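Chain residues, written in single-letter form:
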Amino acid sequence: RSAVRLSTLGQAQLTATLEPEDAAATTLHWQSSRASVARVSADGKVRGLLPGEAAVTVTVDGSDASVQIPVYVSADYALLVGVPAAVVVVLAALLLLRRRRRAR
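Fair warning: this is a prediction, and the values are worked out from it, not measured in the lab. (Residues numbered from 1 in each chain as written. Predicted model: local features only at pLDDT ≥ 70, side-chain atom pairs only at ≥ 80, totals over all residues. Heavy atoms only, no water.)

## Remarks on the nonpolar core
Turning to step 1, where the next piece is worked out: Counting 15 residues, the largest nonpolar core has Val-4, Leu-14, Val-46, Val-56 and Val-71 as its most contacted members.
Turning to step 2, where the next piece is worked out: Of all the secondary structure elements, the ones that give two or more residues to this core are strand E1 (4-7), strand E4 (38-40), strand E6 (52-60) and strand E7 (66-74).
Turning to step 3, where the next piece is worked out: Every residue in contact with Val-56, bar those within four places of it in the chain, is listed here: Leu-14, Trp-30, Gln-31, Ser-32, Val-40, Val-46, Val-67, Gln-68, Ile-69 and Val-71. (Core = buried A, V, L, I, M, F, W, Y, C linked by side-chain atoms within 4.5 Å. Buried < 20%, exposed > 50% of the residue type's maximum accessible area, 1.4 Å probe, protein only. Helix = DSSP H or I, 4+ residues; strand = E, 2+ residues; numbered from the N terminus. Contact = heavy atoms within 4.5 Å.)

## Looking at the pairing of E7
Turning to step 1, where the next piece is worked out: Note: E1 against E7, four bridges, orientation parallel. Each residue of the ladder has a partner; that of Ser-7, found in E7, is Ser-74.
Turning to step 2, where the next piece is worked out: The loop that links E6 with its antiparallel partner E7 comprises five residues; one of these, Gly-62, has a positive phi angle of about 80°. (Pairing = 2+ DSSP bridges.)

## A few points about the sheet that holds E4
Turning to step 1, where the next piece is worked out: Taken in spatial order, the three strands of this open sheet run E2-E5-E4, and their pairing is antiparallel. Every other strand in the sheet has two partners, leaving strand E2 (11-13) and E4 as the edge strands with one partner each. Going from strand to strand, the sheet's axes swing by 20° on average, the running direction of each strand aside.
Turning to step 2, where the next piece is worked out: Note that E2 and strand E5 (residues 45-48) share three bridges and pair antiparallel. Residue pairing across strands places Gln-11 opposite Arg-47, the latter belonging to E5. (Axes fitted to C-alpha atoms, helices over the stretch in contact; angles between N-to-C directions.)

## Comments concerning the confidence of the model for the protein
Turning to step 1, where the next piece is worked out: When pLDDT is averaged along the protein, the result is 81, and 80% of the positions lie at 70 or above.
Turning to step 2, where the next piece is worked out: The secondary structure element of the protein with the lowest average pLDDT is helix H1 (residues 85-103), at 65, and the one with the highest is E4, at 94. (pLDDT = per-residue confidence, 0-100.)

## Quick word on the side chain of Ser-32
Turning to step 1, where the next piece is worked out: Structurally, the position occupied by Ser-32 is in strand E3 (residues 28-32).
Turning to step 2, where the next piece is worked out: Here Arg-34 takes part through its backbone nitrogen, which lies 3.2 Å from a polar atom of the side chain of Ser-32.
Turning to step 3, where the next piece is worked out: Only 2.6 Å separates the side chain of Ser-32 from the backbone oxygen of Ala-38, close enough to count as a polar contact.
Turning to step 4, where the next piece is worked out: If near-sequence neighbours (up to four positions away) are discounted, Ser-32 is found in contact with Ala-38, Val-40, Ala-54, Ala-55 and Val-56. (Polar contact = N/O pair within 3.5 Å; in protein donor to acceptor, adjacent residues only side chain to side chain.)

Below, the structure is given as structure tokens:
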């Protein structure tokens, strides 16, 4: 993949193919440049957490080889569907209070 585009809480599975197939080093390490935006598991599953940009890097144990994949996470306001109305009201009130404090 040249890039991954996700919404918040969206997921994508990344894979890496090692060549040659009988390479001595076969252990892959996955890492996110901004784990608060996109988190990646040990098997390459990326999950969008917050809107923003990150890069996932996969490296091969015992080698200088690495690949970096840009990850773009967009806001998904549909997450409020199914949330009790009282919770939505509280969230809206907290956001309004925060804006008022910043305006002072």
